[in-house]
Amino acid sequence: MNPAVIILKALIFPGLLFTAVLGLVTSWVDRFVTARVQMRVGPPFLQPFYDVAKLMIKETCVPAGGSTWLFLGAPLVGLSGVTLGALVVWSALLFGGRGFSGDVIVALYVLTLPAVGVILGSFASRNPLASLGGSREMKLLLSYELPLALAVLVPVMQSYAAVQSIRLADMATQLPVASVSGVLALVVAILCMQAKLTLVPFDAPEAETELTGGAYMEYSGPPLGLFKLTRAMMLVTMPLFLVTVFCGGLDVADGVLPALLGLLKVLGLVVVIVLIRNTAPRVRTDQAVRFFWGPVTLVALVAVGLGMMGL
Amino acid sequence: MMEMLLHPMILPITLPVVAGVVCLLLPRQLHKVRDIIAVGASAVTLLLALRLLVALRGGGLYTFAACPLVNLRLDALSGFVMVAIALFGVLSALYSLGYMAGRERLNEYYAYLLWTVGISCGAVLANHFLLLLIFWGMLGVTLYLMIGMGGSKASAAAKKTFIVIGGSDCLLMLGIAIAWHVTGRMLMDEVTLTMTRKLNVLAFLCFTVAALAKAGAMPFHSWVPDCGEKAPLSVSAFLPASLDKLLGIYLLARTMHGLFVASYALRVLLMLVGAATVMCAVMMALVQHDLRRLLAYHAVSQVGYMVLGIASGTAIGMAGGLFHMLNHAMYKSSLFMCAGSVERQAGTCDLDRLGGLGRAMPITFVSCLVAAMAISGVPPLNGFASKWMVYQGIIEAGNQSGPWVIWIVAAMFGSALTLASFVKILHAVFLRKPPAEAERRNVSEVGFSMWFPTAFLGLMCLVFGVFWKRLPYTFLVEPAVVGEVTIPGLWWGAPAALVLLAGIAAGLVIYALTTARKPRVCATYIGGELMEAADIPGEARSDSRDVEVSGVDFYRTIETMAPFRGFYAAARQKAFDIYDVGTKILFYFVDILRAAHTGLLPTYLTWLVAGMLFVVWWLVRAGGG
C-alpha cells in the first residue's frame, strides 16, 4: 500500500480528523442527553469544539520533578492509538474487502492504548493523587478486559462458523445480536465499554470529588485538550466497534439510507451509555473489579457456552 | 584432527569452549585481555553461526559425522536458535563487563559464560541422542555454576535449580532410552514416534517435561524465581531469560514437530499447561515487591505463550511460538539488564526503596519502557506480532486444540495482567517521587557497556515489531517451521506503525503551534497538601512525606479479594513449588525411616536378629520347595 495514502487515511479520512469531528459531535449528544435528563437546556451544538479549541490556547503547565517528555508524550500515545483503532474499524466498514484476518484482535489491543496513555501520563505527573488515579485506571482495565475478550469471542465464533473468517469486514455482515448468546455478549460488552470510556459508574480514575481529576490532575492546556479529544474519539469508536462486531455494521454499500440507519445504531448505543452514566452512582475500584470478574464474566461465559452450542 | 576441529559446524562449539579455558587460566592482572577474549570470542561465534545460517539458506553443508556419536545436523530451526544463542552471548558478555566489574572470581565467570555459549550451540546441533544428552547435562552444570556466582546467598537457589534441572535431565535420559528401545535408532532425524503405544506416550512426556523444566513452564518453574532473585542479574538476563528459553522451546519444538506425532489429548494437556502458566505466573508477578522476582515470574509466564503456540499443532501457531521465544529473549534480557543497571546504581532492587530514576537514568528508563510495552503486547512492538500469530494459530486449530476459547482468553487476559505489573515497575522505579533515603543517593546513568546492550535490545523490540515480516519472520522463523505456513492474514506491522507515527506527528504539530512548546514548570497540586519541603513565601516549610504513593501496593485490592486471597496464601506456603512439595514428600518418608534409627543398641540387635530369622526362614522355604 502507498504510504502517502495510508498517512492521508490516518490523518484525515476516516482517521484522525473525521473521527475527531464525529467524536466531538457524539460528546455533544452526551452532554445534550445528560442535560435533558437533568431538566436543563443543554449546550449549543458546537460547545465541544469550543472547549477543545480553548484548551489549545491555554497555558501548558508541567509538574516540577516529573518526567516532562513522558508527561507531554502520554496524550500522543492515546491519540495515535485511538486513530489506529478507528482506522481499523472504519476501514472494515467503509472499504469492504479491506482488513486482514484477525483484525478484530488488533482493534481490541489497539483500543487499550488510550488507557495506557492515561496511565503513563498520570505516573509522569509525579503526583500521588494522579498515581492513585493511574492505578485505578489500570485495575479497571484489568477488570473489564476479561469479560470483554469473552464477549467479543462470541461473534468471532459465530462468524468463523458461518463464513470461516474473523475479519471485521466479514463479521459486520453477520448479525450475532439476533441470537441469545449475541444479546448476552452485547450486554456484557456495553458494560465493558462503559468502563473503557471511564464513564460513571466506572469513573474512579478521575473521581473529581475525591481525586480532583485523578489521572488528569496535573494536565492543562493543549495536552489536556488532546486527552479530551482522545476521549471524544473513543466515545464514538467504541460504539462503532460494537456495532461492527455485534449489530451487523453500517451497510454502507447498500446506499445512504441503510448507512444512516447504521449510524442510528451507533447513536442508540451512545444514548444507552449516557443514560447509564446519568442514573448510577460511582462504584469503588474493588467493587468494579468484583463486578466485572464476578457476575459480568459469568454472563459472558454463559454467552460463550450458548454460542458454542450454536444458540 | 585439526581439520576436524576447524570444521564450520564444530567451530561454534569448540571456539567458545577453548576461549573459556583461556579465560580461566589467564592471570588476574590480565583482566583487560580476559574481557577482550570474552566479548571477542562470543562475537566471533555469532559470526560463525550467521555464516552457517547463510550457507544453509544457500543450500550448503548441513551435516557432520566424525564418528557415530559425533553426529551433527544443521537445519533451519537449529540455525535460528544458534544465531540467537550467540547473539545473547555477545550482549551478555558486553553487559557483564560493566555489571560484574569489581567482583570476585571473574575469570571463572567469563569461562562459564563462554562454555555455556559453546555447549548450547552443541546442544542444538547435536543429532545423536547421546550427544544431546551430554550437552544437555553439561548445561545443567554451567547453569549451576553461574547461579553460584551470586555468592553464598545464591547457593540454595543454585542447588534447587540443579536438582530440578537434573531431575528433568534424568527424564530426558529415560525418554531417549525408550525411543531407542522402540526404534533401535539413535539419530534424531531418523526417529518419528506416533502415540500408538503407551511406551511412546511415556517417552513423549519425558521429553516434554525436560523441555518445560528448561524453559521454566509450570509446574517446573520454581527454580526461575529463586534464580532471578539470587543470581547476578547478568546471569538472569543470560540464562533463565534468554538461553534456557531458547533451548527449552527448541527441544519442545523438536519433540512436538519431528520426534513425535502428538495426539489430540496430549496437545490439549500441553495447551492447558501453557494457559495455566500464563495466568498463574503473571498473578504471582503482580504482587511481588522485588524487581528481580517480579521479572523472573514474567520469565515463567511468557513461556505459556510459546507452549500455546507450539502445542496448537498448526504451522502458524508454531511460527508464533518460535517467534515469541526470540522476542521474549530480547525484551526479557533487556528488562533484566535494566534491573541490573538499577541495582548497580541505586544499590537495591526493592521496589519500596526505589523511585524517581527516570531522570537520572534516561537511557535505562526508555529501554525499560519499550521492553515493558513489548512484553505486554502493545502494538506495534514485537511482543504483539508474535502473540498475534499465536492467537491465529489457536483460532485456526479451533476445536482441534480443545476448548480454544479458554486458551485465547487466558492469553489475552494475561497480556492485561502483564501490562499491570509492568506499569507498577515503571511507577515504582522510574517515575514516582523517591523515598527520602533514595533521594540522598547520587544516581547517574550506567556506562556504555551496560546501556548499549540494554538499549540495543529495546530498539530491536521496536524493529522486530514493525518489520516483523521482512526481517525476523522471513529469515529466521518461517524456514524453521515444520510444514507450510499459511497465514490467513497478516498483521500489518509497518502500516500500523505508520498510522501511529502519523497520529503522534499530528499531536507534535499541535504542541509546536501552541503553548506546549514552552511549558511552565509548576509545583504539583495535591489538594492543598505539600508533597515536599518547598519554600513558598508566606507559608511555613513543611515536609509531609506521608502523601507518598510507592505503587507497590497498587494491586492490594486484588490480592485481598476472595478467591485470590487463598491462591496467594497457598503460594506463600509454596504449595505450587514442585521442589518444595517434592522435598516435603521425600522428608516424610525419610522421617519414617529415621524413626528406626533410634541409636539404641538393643533395638538394632532386635532388627538384626529378626532379619536373620527372616533370611533363614526364606532359605528353608526355598530349599523345601
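Rules behind the numbers
Residues numbered from 1 in each chain as written. Chains lettered and ligands numbered in written order. Predicted model: local features only at pLDDT ≥ 70, side-chain atom pairs only at ≥ 80, totals over all residues. Heavy atoms only, no water. Helix = DSSP H or I, 4+ residues; strand = E, 2+ residues; numbered from the N terminus. Rg over C-alpha atoms; globule rule 2.2 N^0.38 Å. Buried < 20%, exposed > 50% of the residue type's maximum accessible area, 1.4 Å probe, protein only. Contact = heavy atoms within 4.5 Å. Areas by Shrake-Rupley, 256 points an atom, 1.4 Å probe, with all protein chains shown as cover. Lys, Arg positive; Asp, Glu negative; His and termini not counted. Charge placed at Lys NZ, Arg CZ, Asp CG, Glu CD. Patch = residues over 30% accessible without salt bridge, like charges linked within 9 Å, V, L, I, M, F, W, Y side chains within 5 Å. Salt bridge = Lys/Arg side-chain N within 4 Å of Asp/Glu carboxyl O. Phe/Tyr/Trp six-rings, centres within 6.5 Å; stacked < 30°, edge-to-face > 60°. Lys NZ or Arg CZ within 6 Å of the ring centre and 35° of its normal. Core = buried A, V, L, I, M, F, W, Y, C linked by side-chain atoms within 4.5 Å. Buried area = accessible area lost by both parts, 1.4 Å probe. Polar contact = N/O pair within 3.5 Å; in protein donor to acceptor, adjacent residues only side chain to side chain. Nonpolar A, V, L, I, M, F, W, Y, C, P; charged D, E, K, R; others polar. Pairing = 2+ DSSP bridges. Expected span 1.5 Å × (residues − 1).

Quick question: what am I supposed to make of the overall build of chain A here?
Looking only at helices and strands, chain A has 13 helices and 1 strand in total. Beginning at the N terminus, the succession of helices and strands in chain A can be written as α-α-α-β-α-α-α-α-α-α-α-α-α-α. A globule of 311 residues ought to have a C-alpha radius of gyration of about 19 Å, and chain A, at 19 Å, matches this closely. In terms of overall dimensions, chain A has C-alpha extents of about 55 × 45 × 40 Å along its principal axes. Looking at chain A as a whole, 64% of its 311 residues are labelled buried. A sequence separation of at least 24 residues applies to 79% of the contacts in chain A between residues at least 6 apart. Only carbon and sulfur atoms are counted for the fraction: they give 71% of the accessible area of chain A, which is about 10,700 Å². Positive and negative side-chain charges of chain A, numbering 19 and 15 respectively, have mean locations separated by a distance of 3 Å.

What is the right way to read the overall build of chain B from this model?
Each helix and strand counted, chain B has 25 helices and 5 strands in total. For 625 residues, the compact-globule estimate of 2.2 N^0.38 gives 25 Å, and chain B sits close to it at 27 Å. Taken along its principal axes, the extent of the C-alpha atoms in chain B is 110 × 70 × 60 Å. Expressed as a percentage of its 625 residues, the buried residues of chain B come to 59%. A separation threshold of at least 6 residues defines the contact pool for chain B, and within that pool the share at least 24 residues apart is 79%.

I keep staring at a nonpolar patch on the surface and nothing clicks. Help me out?
Taken together, B:L601, B:Y604, B:L605, B:W607, B:L608, B:V609 and B:L613 make up a surface patch of nonpolar side chains, about 760 Å² in accessible area. With respect to the secondary-structure elements, B:L613 resides in helix α25 (residues 601-624).

Can you walk me through the packing of aromatic side chains in this structure?
In this description, a pair of aromatic rings is defined by centroid distance and the angle of the planes. All names here are of chain B. Counting across every chain of the model gives 29 aromatic pairs over all chains. When the centroid spacing of 6.0 Å and the interplanar angle of 50° are considered together, the rings of Y112 and W115 count as tilted. Here the residue Y112 and the residue W115 both occupy positions in helix α5 (residues 106-125), the gap between them amounting to 3 residues, near one helical turn. Residue classification places Y112 among the buried residues on the basis of a relative accessible area of 9%. Directly above the aromatic system of W136 lies the positively charged group of K214, at a separation of 5.5 Å from the ring centroid. Geometry around Y305 places K387 over its ring, the cationic atom sitting 4.7 Å from the centre.

I tried to follow the environment of B:L131 on my own but got confused; where do I start?
Residues and elements named next belong to chain B. Relative to the elements of secondary structure, L131 occurs in helix α6 (residues 129-148). With relative accessibility at 8%, the residue L131 sits in the buried group. Taking C-alpha positions, L131 is 9.7 Å from M186, a pair spaced 55 residues apart along the chain. Not counting residues within four places of it along the chain, the set of residues in contact with L131 comprises L69, V70, N71, L72 and A126.

Could you clarify how one ought to interpret the nonpolar core in this entry?
For soluble globular proteins, nonpolar side chains are generally found buried alongside one another. Within the largest apolar cluster, 334 residues are counted, with the highest numbers of intra-cluster contacts made by A:F241, B:F80 and B:L322. Filtering out sequence-adjacent residues up to four positions away, B:F80 remains in contact with B:L53, B:L322, B:M325, B:L326, B:L476, B:V477 and B:A480.

I would appreciate a short explanation of the interface of chain B and chain A in the present structure.
Interfaces are often sized by the accessible area lost when the parts come together. If you look at the interface, chain B gives 75 residues, while chain A gives 77 residues. Between chain B and chain A, a total of about 6,500 Å² is buried, with carbon and sulfur atoms accounting for 80% of that surface. Joining chain B to chain A, the criterion identifies 1 salt bridge. Here B:R520 makes a salt bridge to A:E59, at a shortest N to O gap of 2.8 Å. The interface formed by chain B and chain A includes 13 residue pairs in polar contact (both at pLDDT 80 or more). Contributing elements (two or more residues each) for the side of chain B that touches chain A: α15 (362-375), α16 (382-397), α17 (404-431), α21 (493-513), β5 (520-522) and α22 (556-559) of chain B. Residue contributions to the side of chain B that touches chain A peak at 15 residues, all from α17(B). Each residue belonging to the side of chain B that touches chain A can be placed in one class, and the counts come to 54 nonpolar, 13 polar and 8 charged. Note: strand β1 (residues 61-63) of chain A against β5(B), 3 bridges, orientation parallel. Along β5(B), the bridge assignment pairs A:V62 with B:V521.

Would you take a moment to explain the pattern of salt bridges for this structure?
Pairing between side chains of opposite charge can happen when their charged atoms approach one another. Within this structure, the stated rule accounts for 21 salt bridges over all chains. Among the salt bridges present, the one from A:D286 reaches A:R284, with a minimum N-O distance of 3.0 Å. Accessibility expressed as a relative area gives 17% for A:D286, which makes it buried. For B:R293, the salt bridge is made with B:D226, and the minimal N-O distance between the two is 3.5 Å. Of this pair, B:R293 sits in helix α12 (residues 291-311) while B:D226 sits in helix α9 (residues 223-230); the two residues are 67 residues apart in sequence, bridging distant segments of the chain. Members of the salt-bridge network, linked through shared partners, are B:R73, B:D75, B:D189 and B:R254.

Would you explain unusual backbone geometry in this entry?
Negative phi is the rule for most residues except glycine; trans is the rule for most peptide bonds. A:P201 follows A:V200 through a cis peptide bond whose omega is 10°. In this fold, A:P201 is placed in the loop between α9 (180-196) and α10 (208-211). For the peptide bond that leads from B:P379 to B:P380, omega is 5°, which places it in the cis range. One can find B:P380 in the loop between α15 and α16. The phi angle at A:R126 is positive, at roughly 55°, despite the residue not being glycine. Here A:R126 falls in the buried class, since its relative accessible area comes to 11%.

What is the right way to read α16(B) from this model?
A turn of α-helix holds 3.6 residues, and therefore any two residues three or four places apart point the same way. Residue and element names in this part refer to chain B. For α16, spanning 16 residues, the distance from its first C-alpha to its last is 23 Å, which sits close to the expected 22 Å at 1.5 Å a residue. Of all 16 residues that make up α16, 15 are buried, and the element is covered over most of its length. Within two residues after α16, G398 carries a phi angle of roughly 55°, on the positive side.

Explain helix α13 (residues 315-346) of chain B here, please?
Residues and elements named next belong to chain B. Compared with an ideal rise of 1.5 Å per residue, which puts 32 residues at 46 Å, α13 spans 46 Å between its outermost C-alpha atoms and is within 8% of the ideal. In terms of burial, α13 is a largely internal element, 30 of the 32 residues being buried. One or two residues past the end of α13 sits G347, with phi positive at roughly 85°.

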